[in-house]
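The residues making up each chain are set out below.
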There are 2 protein chains.
Amino acid sequence: VGEFELLEKIRRRLPPDGRRIVLGSGDDAAVTVPGGATATSVDAIVEGVHFSREQASLSQIGARALATALSDLAAMGADPGEAYAVLTVPPDLDEEQCLELLDGMVTIAAETGTTIAGGDLTRGAALALAVTVVGHAERPESLVGRAGGRPGDLLAITGEIGGAAAGLLTLERPETAAGIAAETAARLRSRLLEPTPRLAAGAALARAGATAMIDLSDGLGGDAGRLAEAGGTGVSIDAARLPIAAGVEEVAAAAGIDPVQLAVSGGEDYELLAALPPERLEEAVRAVADSGIELTPVGELDGSGAVEIRLPGGGLLEPRGFDQLD
Amino acid sequence: VGEFELLEKIRRRLPPDGRRIVLGSGDDAAVTVPGGATATSVDAIVEGVHFSREQASLSQIGARALATALSDLAAMGADPGEAYAVLTVPPDLDEEQCLELLDGMVTIAAETGTTIAGGDLTRGAALALAVTVVGHAERPESLVGRAGGRPGDLLAITGEIGGAAAGLLTLERPETAAGIAAETAARLRSRLLEPTPRLAAGAALARAGATAMIDLSDGLGGDAGRLAEAGGTGVSIDAARLPIAAGVEEVAAAAGIDPVQLAVSGGEDYELLAALPPERLEEAVRAVADSGIELTPVGELDGSGAVEIRLPGGGLLEPRGFDQLD
């Protein structure tokens with residue numbers, strides 16, 4: 001791969017620069033005129049650790065790298081602005097394949113109104129992508145961090161959880177998909193391989209008064225714990241109310257795993273977990289519905305300092321690492 | 001390496017947040033309130049491609065990753081603000097070593113007034129660092145891109161060139177250092193292993209009316225060509241005026257390489273090449289001198305569209321890739 005030639009080809013494939021860009025890709029640095037406040041996040045994925053070219057297409061890998069980075073902006077309620085990508089190219093990836101990977105990023109950029117404003121290209125042993133995303137807001141107070149939740153706030157989840165973990169099970173152990181329709185299995189795998197950053201829902205939640213938000217990348221158990229720790233609160237979640245994706249129960253059963261445990265311990269759904277004052281819940285549900293997503297109340301923050309996931313029978317579920325499930 | 005524990009240890013080592021930071025490392029995204037314009041650049045280094053742990057200490061590797069990223073901001077005349085780092089940790093790097101690498105970054109951050117505002121940590125086969133830096137300026141017009149040079153502008157270089165390339169030669173072929181003092185050899189190696197971003201000089205050049213700037217990461221020949229191409233001009237450089245670092249001549253001679261060729265083809269000096277209207281040169285020389293660096297006029301932009309490096313004898317020097325020198 002000739003770095004400068006490939007960079008030039010990449011530049012020609014990028015959509016036009018967004019409105020905040022003064023000087024785009026190709027100079028020493030990209031120049032932007034931000035609004036009042038920016039939210040910046042960095043996310044890296046490495047082949048063999050976060051993805052495999054046997055399970056995902058190059059276009060899916062590129063799309064996923066940008067989508068999961070943007071998910072952090074969704075969790076702030078920020079308006080997506082610019083992305084900067086570092087692509088590490090292994091010896092067995094040719095120029096055409098680099099561009100295929102980029103096309104996946106460009107698709108997500110176009111869908112979300114993100115400008116790919118710069119990046120770097122390097123050789124390396126393993127395919128890797130590091131993406132920095134910058135989001136914008138009128139004021140820093142418009143952005144929602146993790147730490148603002150207070151005891152008494154309700155906890156709500158966008159969309160459905162467990163899908164990505166179940167999708168991974170069907171990829172690694174195809175027999176677990178025997179009890180579900182092919183279409184359902186495809187939908188579960190798509191949750192894993194083609195995640196959607198909940199940008200509109202995150203912005204709606206911020207406007208509706210969310211006091212704290214986090215995206216579910218590591219699993220509800222762990223991420224709810226981080227929300228509680230950041231705000232100095234406890235978390236109580238009612239397992240019976242969790243919005244578990246269709247097909248998760250069957251796949252989990254076929255794998256001998258409790259479906260609630262799978263949904264709570266499996267990450268990568270990239271849904272949002274938000275804390276809301278009870279009097280704002282109704283408004284938030286309506287606002288999130290406008291973006292085509294359901295918002296489901298699943299519990300509340302309390303003063304206990306503990307993360308408790310209450311099972312219908314009365315016991316507590318102990319979230320485990322996804323890799324310790326079976 | 002336990003990711004969350006190590007991230008917490010890293011966070012405890014970071015210096016206090018800079019004045020633009022509203023919400024620092026540890027949330028979904030860092031929140032800043034930028035000034036009028038931002039310059040953003042991304043730079044990645046990978047073990048075995050850009051550095052070797054046999055030649056550089058971990059602290060030097062961390063420092064160099066941030067310093068070379070900041071060099072792109074220097075080439076814009078931007079005021080350094082925030083840095084975001086992705087560290088890929090190979091199996092043979094333990095927690096203590098990760099922190100040593102970080103300490104190198106923290107040293108450069110402190111020296112330059114940069115806040116390390118976020119990052120990501122991942123496992124991977126090879127040690128790699130990707131750094132995103134954000135610089136600030138009051139107005140986008142205060143920042144200097146590559147494309148603004150005009151025929152008749154003078155070209156000037158900060159500091160000295162050739163040092164990093166000669167330093168690399170002394171590391172790879174120790175016999176080439178036989179003709180110079182140990183102290184001189186150490187200084188050449190330090191140019192390679194401990195580069196300094198010319199932030200104050202870059203800001204001074206921007207204020208003094210530089211029409212275009214680029215940092216010398218790939219070698220004067222290639223980088224001058226990029227400046228000319230971006231502005232649609234030609235470049236004429238007088239080889240006799242090049243500020244070649246002490247010791248480069250001896251090391252090049254010992255390696256059987258022409259010293260001017262080495263200085264022009266070897267990159268990684270991270271000096272700045274600036275185009276200036278002739279009437280602003282004197283002011284620029286004085287302003288750069290205030291930052292303790294010499295500014296040397298070495299040629300000019302013209303309308304030829306070609307990059308010409310004129311040798312004292314009257315011929316032209318053909319810049320080559322550093323890896324094609326011997």
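All values reported here derive from a predicted model rather than from experimental measurement. (Residues numbered from 1 in each chain as written. Chains lettered and ligands numbered in written order. Predicted model: local features only at pLDDT ≥ 70, side-chain atom pairs only at ≥ 80, totals over all residues. Heavy atoms only, no water.)

## A look at the sheet that holds strand 13 (residues 316–317) of chain B
Residues and elements named next belong to chain B.
And then number 1: Strand order in this open sheet of seven strands is 8-10-7-11-9-12-13, and the pairing throughout is mixed. Taken across any chain shown, the strands that pair with only one partner, and hence form the sheet edges, are strand 8 (212–215) and strand 13.
And then number 2: Alignment of strand 7 (residues 154–158) against strand 11 (residues 295–302), held across five bridges, turns out to be antiparallel. Residue pairing in the sheet places Ile 157 in a bridge with Thr 296 of strand 11.
And then number 3: On top of the sheet, helix 6 (residues 199–207) reaches strand 7, strand 8, strand 10 (272–276) and strand 11; it is set at about 10° to strand 10, its chief contact. (Pairing = 2+ DSSP bridges. Helix = DSSP H or I, 4+ residues; strand = E, 2+ residues; numbered from the N terminus. Contact = heavy atoms within 4.5 Å. Axes fitted to C-alpha atoms, helices over the stretch in contact; angles between N-to-C directions.)

## Focus: the pattern of salt bridges
And then number 1: For the structure shown, the criterion picks out 44 salt bridges over all chains.
And then number 2: The partner of Arg 20 of chain B in a salt bridge is Asp 79 of chain B, and the shortest N-O contact between them spans 3.2 Å. Here Asp 79 of chain B lies in strand 4 (residues 79–89) and Arg 20 of chain B lies in the loop between helix 1 (3–13) and strand 1 (21–23), a separation of 59 residues in the sequence.
And then number 3: Note on Asp 79 of chain B: relative accessible area 36%, which makes it partly exposed.
And then number 4: Taken together, the salt bridges that share partners define one network made up of Glu 8, Arg 11 and Arg 12 of chain A. (Salt bridge = Lys/Arg side-chain N within 4 Å of Asp/Glu carboxyl O. Buried < 20%, exposed > 50% of the residue type's maximum accessible area, 1.4 Å probe, protein only.)

## A look at the relation of the copies chain A and chain B
And then number 1: Relative to chain B, chain A is turned by 180° and slid 0.0 Å along the rotation axis, the superposed coordinates differing by an RMSD of 0.0 Å. Here the transformation between the copies is reduced to the relation of a two-fold axis.
And then number 2: Most of the interface of chain A is mirrored in chain B, where 100% of its interface residues again form contacts. (Least-squares fit on C-alpha atoms with pLDDT ≥ 70 in both.)

## Some remarks on helix 6 of chain B
Structurally, the α-helix is built with 3.6 residues per turn, so residues lying three or four positions apart point the same way.
All names here are of chain B.
And then number 1: The buried fraction of helix 6 amounts to seven of the nine residues, a majority that puts the element mostly inside the structure.
And then number 2: Turning to helix 6, its buried residues number three or more, namely Leu 199, Ala 201, Gly 202, Ala 203, Ala 204, Leu 205 and Ala 206.
And then number 3: In the segment just after helix 6, Gly 209 is the residue with positive phi, at about 95°.

## Topic: the pairing of strand 11 of chain B
All names here are of chain B.
And then number 1: Within strand 11, six of the eight residues are buried, leaving the element largely enclosed by the surrounding structure.
And then number 2: Taken together, the four bridges between strand 9 (residues 234–238) and strand 11 define a ladder with antiparallel strand orientation. Residue Gly 234 lies in a different strand from strand 11, and its bridge partner there is Asp 302.

## Quick word on the side chain of Asp 28 of chain B
And then number 1: Mapping Asp 28 of chain B onto the fold places it in the loop between strand 1 and strand 2 (30–32).
And then number 2: One polar contact links Asp 28 of chain B to Arg 146 of chain A, side chain to side chain, over a distance of 3.0 Å.
And then number 3: Sequence-distant contacts of Asp 28 of chain B, that is, excluding residues within four places in its chain, are made with Ser 41, Asp 72, Ala 75, Met 76, Arg 146, Met 213, Ile 214 and Asp 215 of chain A. (Polar contact = N/O pair within 3.5 Å; in protein donor to acceptor, adjacent residues only side chain to side chain.)

## Points about the sheet that holds strand 12 (residues 307–310) of chain A
All names here are of chain A.
And then number 1: Spatially, seven strands are ordered 8-10-7-11-9-12-13 in an open sheet, and the strand pairing comes out mixed. This sheet does not close on itself; its edge strands, each paired only once, are strand 8 (212–215) and strand 13 (316–317).
And then number 2: Strand direction decides the pairing type here: strand 9 (residues 234–238) and strand 12, joined by four bridges, are parallel. Looking across to strand 12, one finds that Ile 237 is bridged to Ile 309.
And then number 3: Against the sheet, helix 7 (residues 220–231) engages strand 7 (154–158), strand 8, strand 9, strand 10 (272–276) and strand 12, with an angle of about 150° to strand 8.

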